[in-house]
Amino acid sequence: MKTLKDKIAVVTGGNSGIGYATAKILKEQGASVIITGRRTEAINAAAHELGVSGIVADQGKLSAIENLVRTIKEDFGAVDILFINAGIYLGSDIEHVTEELFDGIMDVNFKGAYFTLSRFIPILNDGASVIFLSSNTASMNGATTSAYASSKAALNSTMKIAAVELAPRKIRVNAVSPGPIETDLLKKQGLNDEQLQEIKEWIIDRVPLHHMGSAIDIGKMVAHLSSSESSFVTGSEFIMDGGMSL
Ligand code: NAP
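A few points on the structure. From a predicted model like this one, the values you see are computed outputs, not experimental measurements.

### Thoughts on the overall build of the chain
Okay, step 1: When helices and strands are tallied, the chain shows 7 helices and 7 strands.
Okay, step 2: Of the regular secondary structure in the chain, the N- to C-terminal order runs β-α-β-α-β-α-β-α-β-α-β-α-α-β.
Okay, step 3: Computed over its C-alpha atoms, the radius of gyration of the chain comes to 17 Å, within 12% of the 18 Å expected for a compact globule of 246 residues.
Okay, step 4: Seen through its principal axes, the chain has C-alpha atoms that stretch 45 × 35 × 35 Å.

Written as structure tokens, this is what we have:
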């Protein structure tokens, strides 16, 4: 059913993984979709495969976010669905963390996501839906995840305050917090296939449902939160982790 007919949707970080799968589902449900990413070739290829619009934008840079908003306003007018998904993972224990690692994570996962919401607000239609991609790590306490988990915990806090601030315009703001999802997130850290397999086995042992999630699982939840079927839902975090954080 085309529940998102005539909606304009923006998916940041839409050239791979969760963003890519979600863009596909939003399009199938009738939305006109714009994806963003850092790498020109990847964004062009994904936009072509999906039959959506692609714009190169570094979501960690305020000037790039403001350019993105200007371009979308000129070309599409206003936005109904904003999926703030772009993010990276880097791990380090607190003692040995570098400023570069800390800033790298915070610039994209928190500052970038925060200013993406901030600068899009003027071009959101009343009744729009904003969804942040957070993580179950925000409510867990895994060693070496402090910077990443804190970036997502900060997002969850912003999400709730934004839900309050934007409620008078009937704009809903929610977060989806996945557990382990099969994407290229860890591969992009430079891990080889053997290391990835070891991590996967370690993770699956800790997930009560005993498997990794798929990007499509997350995309379906984002589509639900984008539609009128969730019209009374705002300020909520949806943990989707097969029970891992229980
Ligand atoms: P992914 O396949 O690596 O996708 C990440 C996307 O974000 C890519 O399209 C990437 O584009 C984009 N991106 C990263 N930095 C960017 C920047 N500065 N500007 C613009 N785009 C940027 O990984 P994923 O697993 O789908 O991750 C999506 C989100 O889910 C992230 O926020 C991540 O923290 C979160 N998450 C993932 C998991 C998991 O297990 N996979 C679990 C919980 C939460 P480029 O490739 O062009 O950089």
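Now that the structure has been shown, the text picks up again.
### Quick notes on the environment of Met-212
Okay, step 1: With respect to the helices and strands, Met-212 occurs in the loop between α6 (193-205) and α7 (215-226).
Okay, step 2: Once the C-alpha coordinates of Met-212 and Lys-187 are considered, the two residues, 25 residues apart in sequence, prove to be 15 Å apart.

### Some details on the site of the ligand
Okay, step 1: In the neighbourhood of the ligand, 31 residues make up the surrounding shell, with Ser-16, Gln-59, Asn-85, Tyr-148 and Thr-183 lying closest.
Okay, step 2: Between the ligand and Asn-15, the relevant distance is 2.8 Å, taken from an oxygen atom to a side-chain nitrogen or oxygen of the residue.
Okay, step 3: For the ligand, an oxygen atom lies 2.9 Å from a polar atom in the side chain of Arg-38.
Okay, step 4: Of all the elements in the fold, those that place two or more residues in the shell around the ligand are α1 (17-28) and α5 (146-166).
Okay, step 5: Split by residue class, the shell around the ligand holds 11 nonpolar, 14 polar and 6 charged.

### Let's talk about the pattern of salt bridges
Okay, step 1: Overall, the coordinates contain 6 salt bridges when judged by the stated rule.
Okay, step 2: One salt bridge connects Asp-6 with Lys-5, and the closest N-O pair in it is separated by 3.7 Å. Each member of the pair, Asp-6 together with Lys-5, is exposed.
Okay, step 3: A salt bridge links Arg-169 to Asp-126; the shortest N-O distance between them is 2.8 Å. Note that Arg-169 is positioned in the loop between α5 and β6 (172-178) and Asp-126 in strand β5 (residues 124-133), a separation of 43 residues in sequence.

### Some thoughts on the sheet that holds strand β1 (residues 8-11)
Strands in a sheet are paired, the pairing made by backbone hydrogen bonds, and the direction either parallel or antiparallel.
Okay, step 1: As summarised here, the arrangement of the 7 strands in space is β3-β2-β1-β4-β5-β6-β7, forming an open sheet in which the pairing is parallel. In this open sheet, the two edge strands, each paired with only one partner strand, are β3 (53-56) and β7 (237-240). Strand-to-strand twist in this sheet, taken as the mean axis angle between neighbours without regard to direction, amounts to 20°.
Okay, step 2: Judged from the 4 bridges that link them, β1 and strand β2 (residues 32-37) form a sheet pairing that is parallel. Bridging from a neighbouring strand, Ala-9 pairs with Val-33 of β2.
Okay, step 3: Helix α3 (residues 62-76) rests against β1, β2, β3 and β4 (79-84) of the sheet, and its axis sits at about 150° to β3.
Okay, step 4: With respect to the sheet, helix α4 (residues 99-120) is in contact with β1, β4 and β5, its orientation differing from that of β4 by roughly 170°.

### Examining α7
Okay, step 1: For α7, with 12 residues, the first-to-last C-alpha span of 16 Å sits near the 16 Å given by 1.5 Å per residue.
Okay, step 2: Within the sequence span of α7, burial applies to Ala-215, Ile-218, Gly-219, Met-221, Val-222, Ala-223, Leu-225 and Ser-226.
Okay, step 3: Tucked inside the fold, the buried residues of α7 contact α1, β4, β5, β6 and β7.

### Topic: the packing of α1 against α7
Okay, step 1: Put simply, α1 and α7 touch, their axes get as near as 8 Å, and they point 50° apart. Relative to α7, the element α1 is oriented oblique. Crossing handedness for the pair α1 and α7: right-handed. Two secondary-structure elements touch here, α1 through Gly-17, Ile-18, Ala-21, Thr-22, Ile-25 and Leu-26 and α7 through Ala-215, Ile-216, Ile-218, Gly-219, Lys-220, Val-222, Ala-223 and Ser-226.
Okay, step 2: Class assignment for the residues of the contact of α1 with α7 results in 9 nonpolar, 4 polar and 1 charged.

### Here we look at unusual backbone geometry
Okay, step 1: Phi at Thr-144 takes a positive value of approximately 75°, unusual for a residue other than glycine.
Okay, step 2: Residue position: Thr-144 is located in the loop between β5 and α5.
Okay, step 3: Of note in the backbone geometry, Lys-170 takes a positive phi value of approximately 60° without being a glycine.
Okay, step 4: By secondary structure assignment, the location of Lys-170 is in the loop between α5 and β6.

Each value, and the rule that gives it
- Residues numbered from 1 in each chain as written.
- Predicted model: local features only at pLDDT ≥ 70, side-chain atom pairs only at ≥ 80, totals over all residues.
- Heavy atoms only, no water.
- Helix = DSSP H or I, 4+ residues; strand = E, 2+ residues; numbered from the N terminus.
- Rg over C-alpha atoms; globule rule 2.2 N^0.38 Å.
- Near = heavy atom within 4 Å.
- Polar contact = N/O pair within 3.5 Å; in protein donor to acceptor, adjacent residues only side chain to side chain.
- Nonpolar A, V, L, I, M, F, W, Y, C, P; charged D, E, K, R; others polar.
- Salt bridge = Lys/Arg side-chain N within 4 Å of Asp/Glu carboxyl O.
- Buried < 20%, exposed > 50% of the residue type's maximum accessible area, 1.4 Å probe, protein only.
- Pairing = 2+ DSSP bridges.
- Axes fitted to C-alpha atoms, helices over the stretch in contact; angles between N-to-C directions.
- Contact = heavy atoms within 4.5 Å.
- Expected span 1.5 Å × (residues − 1).
- Parallel < 35°, antiparallel > 145°, perpendicular 65-115°, else oblique.
- Left-handed = near helix turned anticlockwise from the far one by under 90°.

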